[in-house]
Amino acid sequence: MAERIFLETPSKINLHLAVGPLRQDGYHPIESIFVPIDYGDSLEFTRQAQAGSWHLKSNLDISSEKNIVTRAVLDFRRASGEDFGLSCVLKKTSPPGAGLGSGSANAAYSLLALNKMAKEPLSFKALLKIAAGLGSDVPFFLYTCAAWVQGRGEIIQPLSLPQHWAFVLLMPGLHNNTAALFAQLDALRQSSNWKPTKEDQKVLANGEQAKYWLSQPFRCWPFYNDFQSVLLQEGEENKNIYRQMLADLYTAGAGFAAVSGSGSTCFGVFSGKKEAERAKNQLLTRWKSVYIANTLARPAIAGLQ
Ligand code: C5P
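Here the residue numbers are simple positions, counted from 1 along each chain's written sequence. Owing to the predicted nature of the model, reporting of local features is limited to residues with pLDDT of at least 70; listing and counting of side-chain atom pairs is limited to 80 or more, with chain, interface and lining totals taken over all residues. Hydrogen atoms and water are omitted, and side-chain values are computed over all heavy atoms in the structure.

Caption draft 1: The arrangement of the overall build of the protein chain in detail. Helix and strand labels come from DSSP, where a helix needs a run of H or I of at least four residues and a strand needs a run of E of at least two; each type is numbered from the N terminus. Counting its regular elements, the protein chain contains 11 helices and 10 strands. Atoms considered for the radius of gyration are the C-alpha atoms alone. The globule rule reads 2.2 Å times the number of residues to the power 0.38. The C-alpha radius of gyration of the protein chain comes to 19 Å, within 12% of the 19 Å expected for a compact globule of 305 residues. Across its three principal directions, the C-alpha atoms of the protein chain cover 55 × 45 × 35 Å. A contact between two residues is defined here by any heavy atoms of the two lying within 4.5 Å. Summarising the internal contacts of the protein chain: among those between residues at least 6 apart in sequence, 73% fall at separations of at least 24. In short, Shrake-Rupley with a 1.4 Å probe defines the accessible areas, and a residue's cover is counted only from the protein chains shown. Within the structure as shown, the protein chain displays about 14100 Å² of accessible surface, and the carbon and sulfur contribution to it stands at 51%.

In structure tokens form, the structure reads like this:
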């Protein structure tokens, strides 16, 4: 059994994020293009002598019990019956509440790491089941490849993206609460008598259409993020910040710019690294946290080999 495993965990951006009406189970159906990016955190698991022991050290300001890595470890132990002693060092770089899903990636990669350490007692299907219980975005990170994502995040259809694209991430330092933003979106829709129509789906109803649009020039993309209607609405405290971020990304040459997930990160898409570098330098004159990220085209499991 492996004694130690070190891995870098990714995050994601949503090139498109359509949110449907609230379901009976308290979740919303989504239709989204998820893109894994090479910006994230690191995890180091070390086997410990005392069976059942668990210790998490992290630079994140929440208790170990509340950390999703702890929940992943406990769920893995429950499902596999393995209870070898473990410690973990989690180094967070990606801020929580930023719409990048880095916590979900931490959880997914913890499951993969533990399964590997224990010589794979659980099938990929079993890992997917645990992942879905940990959070809506966790199953995606077990794949870590660009995907058309539906359901509440558990229906995943891989897409391929050009490797030369570069993404510029702009982080305003705001912590957004996903559940609260879903509720705000519902309230906004209720106040405007919103009814789900098939209008939007005419342009992007399935993964095949997502593939088609991805092959078109950035400026023709019909992609959007439903959370932007909440974040940019009149009266919203930080609306000017989001407006400014999106305007600045376009001014810096982005072919497409949007909020990722429920924010607060905005991203711009560029055709290559040079263009992204130029944009980053321009954006740094106004914004403090600007990063360049690239898409990842490998499944998470390969990353562990
Ligand atoms: O699944 P996760 O724990 O990440 O979701 C956090 C909250 O976000 C849920 O409790 C739910 O309120 C909301 N959510 C939703 N629809 C989704 C995903 C999340 O309403 N597809």
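Caption draft 2: View of the pairing of strand 3 (residues 54–58). Across 5 bridges, strand 3 lies against strand 4 (residues 85–91) in parallel orientation. Pairing of His-55 across the sheet is with Ser-87, part of strand 4. Once the chain exits strand 3 it traverses helix 1 (residues 68–80) before rejoining the sheet at strand 4, and the crossover so formed is left-handed. Two strands are said to pair when DSSP picks up at least two bridges between them. When the strands point away from the viewer and the path from the first strand over the helix to the second turns clockwise, the crossover is right-handed.

Caption draft 3: Local environment of the sheet that holds strand 7 (residues 166–171). Sheet architecture is open: 4 strands sit in the order 8-9-7-10, paired in antiparallel fashion. Of all strands in the sheet, those with a lone pairing partner are strand 8 (256–259) and strand 10 (289–294), marking the two edges. In this sheet, adjacent strand axes meet at a mean angle of 20 degrees when their direction is disregarded. With 4 bridges joining them, strand 8 and strand 9 (residues 266–270) adopt antiparallel strand pairing. Only the stretch in contact is used when a helix axis is fitted, and all axes are lines through C-alpha atoms; the angle between N-to-C directions ranges over 0 to 180 degrees.

Caption draft 4: Quick peek at the nonpolar core. Nine residue types can take part in a nonpolar core, namely buried Ala, Val, Leu, Ile, Met, Phe, Trp, Tyr and Cys, and a core is a set of them joined through side-chain atoms within 4.5 Å. Exposed residues in this analysis have more than 50% of their type's maximum accessible area, buried residues have under 20%, and partly exposed residues fall in between, with area computed by a 1.4 Å probe over protein chains only. With 65 residues, the main nonpolar core has Phe-45 and Val-69 as its most contacted residues. Among the elements that make up this core, the one with the highest residue count is helix 2 (residues 102–117) (9 residues). Judged by nonpolar contacts, the second largest core, of 28 residues, contains Ile-33, Val-35, Trp-165 and Trp-213.

Caption draft 5: Structural context of the site of the ligand. Taken together, the neighbourhood of the ligand is formed by Gly-26, Tyr-27, His-28, Gly-135, Ser-136, Arg-152, Ala-179 and Phe-182. Think of a polar contact as two N or O atoms within 3.5 Å of one another; within protein, one of them needs to be a possible hydrogen donor and the other a possible acceptor, and neighboring residues in sequence only count if both atoms come from side chains. Note that an oxygen atom of the ligand is positioned 2.6 Å from one of the side-chain N or O atoms of His-28. Summarising the interface, the protein chains cover 70% of the accessible area of the ligand, which totals 450 Å² for the free molecule. Put simply, a residue is near a molecule or strand once any heavy atom of it comes within 4 Å of that molecule or strand.

Caption draft 6: Quick look at the packing of helix 1 against helix 2. Running from N to C, helix 1 and helix 2 cross one another at 35 degrees; their axes reach a closest spacing of 8 Å. Remark: the crossing between helix 1 and helix 2 carries right-handed chirality. Listed contacts from helix 2 to Ile-68, Val-69, Ala-72, Val-73 and Phe-76 of helix 1 are Gly-103, Asn-106, Ala-107, Ser-110, Leu-111, Leu-114 and Asn-115. Throughout, a crossing is termed right-handed when the near helix is turned clockwise from the far one, and left-handed when it is turned anticlockwise from it by less than a right angle.

Caption draft 7: Region of the structure containing the packing of helix 2 against helix 3 (residues 124–134). For the pair helix 2 and helix 3, the least separation of the axes is 10 Å and the interaxial angle reads 150 degrees. The orientation of helix 2 relative to helix 3 falls into the category roughly antiparallel. Between helix 2 and helix 3 lies a crossing whose hand is right-handed. Contacts from Ala-107, Leu-111, Leu-112 and Asn-115 in helix 2 reach Leu-127, Ile-130, Ala-131 and Leu-134 in helix 3. Looking at the contact of helix 2 with helix 3 residue by residue, the class counts come to 7 nonpolar, 1 polar and no charged. By definition in this entry, angles of less than 35 degrees are roughly parallel, angles greater than 145 are roughly antiparallel, angles of 65 to 115 are roughly perpendicular, and the rest are oblique. Just so you know the grouping, Ala, Val, Leu, Ile, Met, Phe, Trp, Tyr, Cys and Pro go in nonpolar, Asp, Glu, Lys and Arg go in charged, and all remaining residues, Gly too, go in polar.

Caption draft 8: Expanded view of the environment of Tyr-39. With respect to the helices and strands, the residue Tyr-39 is situated in strand 2 (residues 30–48). Each C-alpha atom of the pair Tyr-39 and Gly-133 lies 24 Å from the other, and the pair is 94 residues apart in sequence. For Tyr-39, the contacting residues outside a window of four places in its chain are Thr-9, Pro-10, Ser-11, Thr-93, Ser-94, Pro-95, Leu-100, Leu-169, Met-171, Tyr-291 and Ala-293.

Caption draft 9: Summary view of helix 10 (residues 273–283). Among all positions of helix 10, only Ala-276, Ala-279 and Leu-283 are buried. Seen end-on, helix 10 carries its buried residues on one side only, within an arc spanning 65 degrees. Pointing more than 90 degrees away from the buried face of helix 10 are the exposed residues Lys-274 and Arg-278. The arc refers to the directions leading from the helix axis to the C-beta atoms.

Caption draft 10: Structural context of the side chain of Arg-77. For Arg-77, the location among the structural elements is in helix 1. The side chain of Arg-77 sits in the buried core without any salt bridge; Asp-83 is the nearest counter-charge, 6.5 Å away. Look past the residues within four positions of Arg-77 in its chain and what remains in contact with it is Gly-52, Ser-53, Trp-54, Glu-82, Asp-83, Phe-84, Gly-85 and Leu-86. Positive charge is attributed to Lys and Arg, negative charge to Asp and Glu, and no charge count is given to His or to the chain ends. By definition, a salt bridge exists where a carboxyl oxygen of Asp or Glu is found within 4 Å of a side-chain nitrogen of Lys or Arg.

Caption draft 11: Spotlight on the packing of aromatic side chains. Note on aromatic contacts: the rings of Phe and Tyr and the six-membered ring of Trp form a pair at centre separations within 6.5 Å, being stacked when their planes are under 30 degrees apart, edge-to-face when over 60 apart, and tilted otherwise. One pass over the full model with this rule turns up 14 aromatic pairs. Measuring from centroid to centroid gives 4.9 Å for Phe-34 and Phe-140, while their planes differ by 55 degrees, and the two rings are tilted. Here Phe-34 is found in strand 2, whereas its partner Phe-140 is found in helix 4 (residues 138–143), with 106 residues between them in sequence. For the pair formed by Phe-34 and Phe-140, the shared burial category is buried. Each ring, one from Phe-256 and one from Phe-267, has its centre 6.4 Å from the other, and the planes form 45 degrees; the classification is tilted. Placement of the pair is Phe-256 in strand 8 and Phe-267 in strand 9, with a sequence separation of 11 residues. The ring of Phe-34 carries the charged tip of Lys-12 above its face, separated from the ring centre by 5.4 Å. Think of it as a cone above the ring: NZ of Lys or CZ of Arg counts as a charge over the ring if it is within 6 Å of the ring centre and within 35 degrees of the ring normal.

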